[in-house]
4 protein chains.
Amino acid sequence: MYQAERAGTVPRMAPRAPEHSFASDNAAGVLPEVMDALVAANEGTALAYGADPWTDRAVADLRERFDHPVDVAFCWGGTGANVVALQALLRPFEAVICPEGAHINVDECGAPERFTGSKLIDLPCAGGKLQPEQVVGQLHGIGDEHHVQPRVVSITQSTEVGTLYQPAEIAAICEVAHAHGLLVHVDGARIANATAALGGDLRASTVDAGVDVLSFGGTKAGLMYGEAVVFLTPGLADQVAFIRKQSAQLPSKMRYVSAQFSALLAEDRWLAAAGHANAMASQLADQVAGVPSVELSHRPEVNAVFARVPKGALAELQDWSFFWEWDPAVTEVRWMTSWQTTPDDVDAFVAGIAEIVAPHR
Amino acid sequence: MYQAERAGTVPRMAPRAPEHSFASDNAAGVLPEVMDALVAANEGTALAYGADPWTDRAVADLRERFDHPVDVAFCWGGTGANVVALQALLRPFEAVICPEGAHINVDECGAPERFTGSKLIDLPCAGGKLQPEQVVGQLHGIGDEHHVQPRVVSITQSTEVGTLYQPAEIAAICEVAHAHGLLVHVDGARIANATAALGGDLRASTVDAGVDVLSFGGTKAGLMYGEAVVFLTPGLADQVAFIRKQSAQLPSKMRYVSAQFSALLAEDRWLAAAGHANAMASQLADQVAGVPSVELSHRPEVNAVFARVPKGALAELQDWSFFWEWDPAVTEVRWMTSWQTTPDDVDAFVAGIAEIVAPHR
Amino acid sequence: MYQAERAGTVPRMAPRAPEHSFASDNAAGVLPEVMDALVAANEGTALAYGADPWTDRAVADLRERFDHPVDVAFCWGGTGANVVALQALLRPFEAVICPEGAHINVDECGAPERFTGSKLIDLPCAGGKLQPEQVVGQLHGIGDEHHVQPRVVSITQSTEVGTLYQPAEIAAICEVAHAHGLLVHVDGARIANATAALGGDLRASTVDAGVDVLSFGGTKAGLMYGEAVVFLTPGLADQVAFIRKQSAQLPSKMRYVSAQFSALLAEDRWLAAAGHANAMASQLADQVAGVPSVELSHRPEVNAVFARVPKGALAELQDWSFFWEWDPAVTEVRWMTSWQTTPDDVDAFVAGIAEIVAPHR
Amino acid sequence: MYQAERAGTVPRMAPRAPEHSFASDNAAGVLPEVMDALVAANEGTALAYGADPWTDRAVADLRERFDHPVDVAFCWGGTGANVVALQALLRPFEAVICPEGAHINVDECGAPERFTGSKLIDLPCAGGKLQPEQVVGQLHGIGDEHHVQPRVVSITQSTEVGTLYQPAEIAAICEVAHAHGLLVHVDGARIANATAALGGDLRASTVDAGVDVLSFGGTKAGLMYGEAVVFLTPGLADQVAFIRKQSAQLPSKMRYVSAQFSALLAEDRWLAAAGHANAMASQLADQVAGVPSVELSHRPEVNAVFARVPKGALAELQDWSFFWEWDPAVTEVRWMTSWQTTPDDVDAFVAGIAEIVAPHR
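On a predicted model such as this, the values are computed, not experimentally measured, just so you know. (Residues numbered from 1 in each chain as written. Chains lettered and ligands numbered in written order. Predicted model: local features only at pLDDT ≥ 70, side-chain atom pairs only at ≥ 80, totals over all residues. Heavy atoms only, no water.)

### Some details on the overall build of chain A
In terms of helices and strands, chain A carries 14 helices and eleven strands. Against the globule reference of 21 Å for 361 residues, chain A gives a C-alpha radius of gyration of 22 Å, in line with a compact fold. Projecting the C-alpha coordinates of chain A onto the three principal axes gives extents of approximately 65 × 55 × 35 Å. Counting only residues that meet the buried cut, chain A has 64% of its 361 residues in that class. Pairs at least 24 residues apart make up 75% of the contacts formed inside chain A by residues separated by at least 6 positions. Put simply, chain A shows about 12200 Å² of open surface, and 53% of that area lies on carbon and sulfur atoms. If you average the places of the 24 positive and of the 44 negative side-chain charges in chain A, the two averages end up 4 Å apart. (Helix = DSSP H or I, 4+ residues; strand = E, 2+ residues; numbered from the N terminus. Rg over C-alpha atoms; globule rule 2.2 N^0.38 Å. Buried < 20%, exposed > 50% of the residue type's maximum accessible area, 1.4 Å probe, protein only. Contact = heavy atoms within 4.5 Å. Areas by Shrake-Rupley, 256 points an atom, 1.4 Å probe, with all protein chains shown as cover. Lys, Arg positive; Asp, Glu negative; His and termini not counted. Charge placed at Lys NZ, Arg CZ, Asp CG, Glu CD.)

Written as structure tokens, this is what we have:
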């Protein structure tokens, strides 16, 4: 209204907003089956900290999905899972090689440095994807006490900019890392979206590719809360119980985390939900591509659409149905879908965008 | 059974076990109304990290209960809340004065030292309660760069051994602390039990007593997860958003934490639930006092009963219905009640104890 | 010899090596007058940790040189001085903006991250010099709890690649930093060389330029050990005594650090010594510029000469008179001069280089 | 004087003060032969950080004294040596068992907690000496993620209160520690005094006793600065170069540290100097025992004398010839001797004490 007044024009009716926000996949709610599992787990008492049957089952479920005797440490959230994973791999004088735009580098308020005491060596990466030769380029100063010693390569699958590593690409990174005595951590906050996009074979891009530790994301896949640090390489989890507790990442009423994970994994629900989110992003990209003056940054590979919008339209778009600006320099924005996004949400969102940007062409 | 075989005697029928464990109040489930609130909050999308109406309401609810413009930082768990609170008060060369048996000192795997870099000065305290003069006794080396500088007094209300500070006792500690430039933190993992035991006046033993920061416990009061760091003294929370995030204590789907808190506080549910737990502990103490060869350590003031049992009966008791041994030196055990404990649980528990300890008199 | 054998040629006599190494200015010894001061200070007993007359005098001497009521914390070494300075300015969730090649970023084995818990935001900088607009470019995410909060700009004067900030350049950085609430730290491991090169006016490029804290280098200026953290902005040093001690940077027999500083500063000895080193670098650059197949990277501004040498000659050069390779990609090497370097050292060094590289043209 | 005026009496002439302070052994100067070695080492240039012949020799000298292939990391000061040693042995969730009065616990401003992230479990110890059974008493909660895991036992030889462990006592502690998977660190800031008091056999109370790591003190033994972390158990030093550098404990002009150590060890100079200090303490104790109203706390075993003086005389004593009060509750004071203390110092000190305390009988 005030905009109309400022512009001295007749107020325009705002378009219909989508029911579900495109702001982020963590704006989504909890999958109904997961909520049911929480209600079902709320029976009687259960010993805390994981000494309960739900946790035994959830670990077994993960082992089955990985087809591998993984070690598992359930944690509260994504940052917590990452710092627990990294601490299990690092001493303070060792360093983490990661893409510049990695969540651990730019979105965790320095938690990795704070918890590990280590330096992050962040590298510019086209499309958010680290290349094996970039790892090699950092392998100098080895054995020199003045330099931090690269010890971990951390990549994000799918990446923060909605791209995807193919299993062979992950394998190539693991190969070069292992050849030089480094370990590989995958921040899998969106491993469900990635795995769905890759056809559902979790093992191919993790165990078989040589990944050592994976932060297996639950929250963005449809849980209320809860992430799993999954150790694929034997021995790495030996001290993780202590690391997790000292890092304030040990849930006391663990059964509720575990029950959620079992419900998420059951009947390949995690893949179905993530696959749906991916499909909605794809549909959004298809439809918004037809909107004049909106320019897709690249085809979405998972559940994020990046696009450039007219600078003058941004504020109105955000006021109407909030989402995050990604790169102010070029008015690039990010629209994320989730298990909750409906085709109707996409229709409404695209229609609204088209209407709001029209005067800005 | 195997015991009978080993002993070569006729197997004895195990007594009926209580339905709800006395192991800990974090073995309890989630209050039904809290679970209902979780289900109700699972509508549509909501911006993450607290930018949602549930969080606004939960903060308002806490302000109303404290009758004070408190600042609030919701966190995942109890250890997380404590380390966030302490970091807001401390620089690494400063120290925390606390009772020897404080949860922060003995049950958090060194998280406080790790997060703050500070020393805990732990003092032997009869009944788990710090005395004001003990604070004074630590005020040496002030200004001396070789000594850590006491900055925070941390007490637990109710204490780890089931005792309770009266409001005047907390006020006396705050007075001496403030007189010497120290701040007071209260680990209120069981503040609900304490407040219920004190008649329900939350303000009296916090704001009015002069407490600076309180870890307001949700989990043991009946939540699934979630604790609130409540800053009573203006200004102390200025940087807490960053501290919380860097400490990996910021829940992303915050609405589910907030909705639980509102449900817990509504209709004085937290006091009713905690009062019930306290009553059950009292009843357990009354009944078990009549069991020969079981000796109460002291009258329960809140929801924990401490007692000495015959050493020879301990393993069988734990096998039958698990609880924690507290002090192996004297076979002292801890039995905890919760909102979920029923009079029938108490009856069954006491009957079973009586039967199992009988041969050990 | 083995080279000759490998090449199947008659062994060549190695050229005369310079008496004083060009490896680094910390390969140099102690200025004679400083050594005399150490011997002189070795009289009787003196209270430890700075409660001695030598320390009072050294602080007074620094205040006189800065013409400003600076606060001073003497420390053991350069890394120690930097981490003490940074800790006085930073909380863990705050960040340091610095050039990519900064000593704190690449040569301290991650000590800054370890001590402060903070992230270093390292930026590519032509000639090792940060530009004011680069600071501005990092001022995003302010107030956003997910992002570290830039709080300190750290530059090195003279830089790690032998370049120099003019006073106006430092002032411009300080202006933009202060305008946005940031503080400025200068790593002055070679502040003596810089100040000598700038004509000897210490105040112009520090106090007057707006620098908040300076690591004033002693070791590379000719001391045996000892650096001074000099606080130019009142109030910043309030807690530094505790920070220094907790960081294990408090010398016990402090009189020997202080006596060295007074001797260094007396009669502008620090400027004379550094000016001599600078002159020797200049002379080395002049002479080596005439050697075919050796290419100066740029004219030296202080006491470091960077040059490219034939790849094939590097090992023999290092075996003959050791120095460090700087950039293997282009066989760039670093030759440093010190107060101890003589014109004869330069003559011998250039002659030897010329002889050794000759077959590699 | 002002005292006399206040009291309205004729001013008393202050007694002759000792030439050398009894405040601490770190108030002493540098042994003449050590100073000579520093001057001698100041010849030409030498590569930094230990790549010099002085350091090779000093390590060889230590290996010879220990009669064992020890690993050595020279550090700046005592706190630095201790934190480097502890970091080499500990992960953050592990703990250090130590006496309550240990220097690492009370005199290092929390540096051990800050550097290691670990908890110190400090135990009350009569005479400052830990007993093997106290170690056993802390071995609970092993494997329990809520409890820090004891990993290191740290004792001080000679202790902070001037007492001494016999080799067999150290061996007993090492035996119990090793039997339970713990390592033993000895803070040997005064290992010279201890070894001299034990007859000069360094190996007996270190290697043969089973000690894993020793902070070998140089400063209090007569150096200007410099301590050596000596690893007696193979493998523990594998990462110490990085730990030392990241901890800002790597001296750059290392030759001057190393040259001092060689000079200290040569001709058993360290034992002669420490033995002299011990003898002076013994003489001081003998003489002061005859002063009415001064009460020895216990016979000195090394170079510290603890005694109780009349409360009313303390300030005048300290004004006259400064020393530290140790326990204000009972006006216990500490008088320390060093290599520099002379029999005349002792005579003057005792005479002065006698004169000053006389009116306070």
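Here the narrative resumes, following the displayed structure.
### Notes on helix 11 (residues 255-265) of chain B
In terms of burial, helix 11 of chain B is a largely internal element, eleven of the eleven residues being buried. If you check which residues of helix 11 of chain B are buried, you get Arg255, Tyr256, Val257, Ser258, Ala259, Gln260, Phe261, Ser262, Ala263, Leu264 and Leu265 of chain B.

### Brief notes about the packing of helix 2 (residues 32-41) of chain B against helix 11 of chain B
All names here are of chain B. Where helix 2 contacts helix 11, the two axes come as close as 8 Å, and the packing angle between them is 140°. On the basis of their axis angle, the class for helix 2 and helix 11 is oblique. Helix-helix and strand crossings are classified by hand; for helix 2 and helix 11 the assignment is right-handed. Two secondary-structure elements touch here, helix 2 through Glu33, Val34, Ala37, Leu38 and Ala41 and helix 11 through Arg255, Tyr256, Ala259, Gln260, Ala263 and Leu264. Tallied by class, the residues present in the contact of helix 2 with helix 11 amount to eight nonpolar, one polar and two charged. (Axes fitted to C-alpha atoms, helices over the stretch in contact; angles between N-to-C directions. Parallel < 35°, antiparallel > 145°, perpendicular 65-115°, else oblique. Left-handed = near helix turned anticlockwise from the far one by under 90°. Nonpolar A, V, L, I, M, F, W, Y, C, P; charged D, E, K, R; others polar.)

### Thoughts on the pattern of salt bridges
According to the stated counting rule, one finds 56 salt bridges over all chains in the structure shown. Arg16 of chain B is paired through a salt bridge with Asp344 of chain B; the nearest N and O atoms lie 3.0 Å apart. In this pair, Arg16 of chain B sits in the loop between helix 1 (2-7) and helix 2 while Asp344 of chain B sits in helix 14 (residues 343-357), placing the two residues 328 residues apart along the sequence. Under the relative-accessibility criterion, Arg16 of chain B is labelled exposed at 52%. Here the salt bridges share partners, and the residues they tie into one network are Glu33, Glu267 and Arg269 of chain A. (Salt bridge = Lys/Arg side-chain N within 4 Å of Asp/Glu carboxyl O.)

### Some thoughts on the interface of chain B and chain C
Counting residues at the interface gives 19 residues for chain B and 19 residues for chain C. For the pair chain B and chain C, the summed buried area comes to about 1600 Å², and 62% of that belongs to carbon and sulfur atoms. It is Phe93, Glu145 and Phe242 of chain B in chain B that bury the most area against chain C; as a group they hold 43% of the surface buried on that side. For the interface between chain B and chain C, the tally reads two salt bridges. (Buried area = accessible area lost by both parts, 1.4 Å probe.)

### Here we look at the relation of the copies chain A and chain B
Overlaying chain A on chain B yields an RMSD of 0.0 Å, the required transformation being a rotation through 180° with an accompanying axial translation of 0.0 Å. As the rotation angle and translation indicate, the two copies are arranged about a two-fold axis. The rotation axis passes nearest to the C-alpha of Trp76 of chain A in chain A, at a distance of 3.5 Å. Interface residue correspondence from chain A to chain B reaches 100%, placing this contact among same-surface, isologous pairings. (Least-squares fit on C-alpha atoms with pLDDT ≥ 70 in both.)

### What to know about the sheet that holds strand 3 (residues 119-123) of chain A
Residue and element names in this part refer to chain A. Strands sit in the order 1-7-6-5-4-2-3 across an open sheet of seven strands; the sheet is mixed. Edge strands, defined here as strands with exactly one partner in the open sheet, are strand 1 (71-75) and strand 3. Sheet twist, expressed as the mean angle between neighbouring strand axes with direction ignored, is 20°. Across four bridges, strand 6 (residues 213-216) lies against strand 7 (residues 227-231) in antiparallel orientation. For Leu214, the partnering residue across the bridge sits in strand 7 and is Val230. (Pairing = 2+ DSSP bridges.)

### Re the side chain of Gln149 of chain C
Residue position: Gln149 of chain C is located in strand 4 (residues 149-156). Assessed through its relative accessible area of 9%, Gln149 of chain C is described here as buried. If we skip the residues at most four places from it in the chain, Gln149 of chain C touches Phe242 of chain B together with Phe93, Glu94, Ala95, Gly141, Ile142, Gly143 and Asp144 of chain C.

### Here we look at the interface of chain A and chain B
Taken together, the contacts link 49 residues of chain A with 49 residues of chain B. For the pairing of chain A and chain B, the buried interface totals around 4100 Å² over both sides, and the portion due to carbon and sulfur atoms is 57%. The largest share of the area that chain A buries against chain B comes from Thr45, Gln246 and Lys253 of chain A, three residues that together contribute 17% of it. Our count for the chain A to chain B interface comes out at zero salt bridges. Here chain A and chain B share 34 residue pairs in polar contact (both at pLDDT 80 or more) between them. Those elements giving two or more residues to the side of chain A that touches chain B turn out to be helix 2 (32-41), helix 4 (78-89), helix 6 (111-116), helix 10 (240-246) and helix 11 (255-265) of chain A. Of the residues in the side of chain A that touches chain B, the class split is 22 nonpolar, 19 polar and eight charged. (Polar contact = N/O pair within 3.5 Å; in protein donor to acceptor, adjacent residues only side chain to side chain.)

### A closer look at the domain arrangement of chain A
Residues and elements named next belong to chain A. The domain architecture assigned to chain A consists of domain 1 (2-28 + 270-360) and domain 2 (42-266). Using C-alpha coordinates to define each centre, domain 1 is positioned 30 Å away from domain 2. In this assembly, 19 residues from domain 1 lie in contact with 23 residues from domain 2. Summing both sides of the interface, domain 1 and domain 2 together bury roughly 1700 Å²; the carbon and sulfur share of this comes to 61%. With a closest N to O distance of 2.6 Å, Arg190 and Asp25 form a salt bridge. Linking domain 1 to domain 2 there are five residue pairs in polar contact (both at pLDDT 80 or more). For the side of domain 1 that touches domain 2, the secondary structure elements donating two or more residues are helix 12 (269-288), strand 9 (304-308) and strand 11 (332-336). If you tally residues by element for the side of domain 1 that touches domain 2, the top one is helix 12, at seven residues. Looking at the side of domain 1 that touches domain 2 residue by residue, the class counts come to eleven nonpolar, five polar and three charged. (Domains from an automatic or database assignment.)

### Notes on the confidence of the model for chain A
Residue-level pLDDT values for chain A average 95, and 97% of them are 70 or greater. Confidence drops under pLDDT 50 across residues 1-8 of chain A; counting only partners more than four residues distant or on other chains, this segment forms five contacts. (pLDDT = per-residue confidence, 0-100.)

### With respect to the sheet that holds strand 10 (residues 324-327) of chain A
All names here are of chain A. Within the open sheet, the four strands sit side by side as 8-9-11-10. Their pairing is antiparallel. This sheet does not close on itself; its edge strands, each paired only once, are strand 8 (295-296) and strand 10. Inspection of the sheet shows strand 8 paired to strand 9 by two bridges, in the antiparallel sense. Opposite Leu296, over in strand 9, you have Ala307 as the bridge partner. In the packing of helix 12 onto the sheet, contacts are made with strand 8, strand 9 and strand 11, and the angle to strand 9 comes to roughly 20°.

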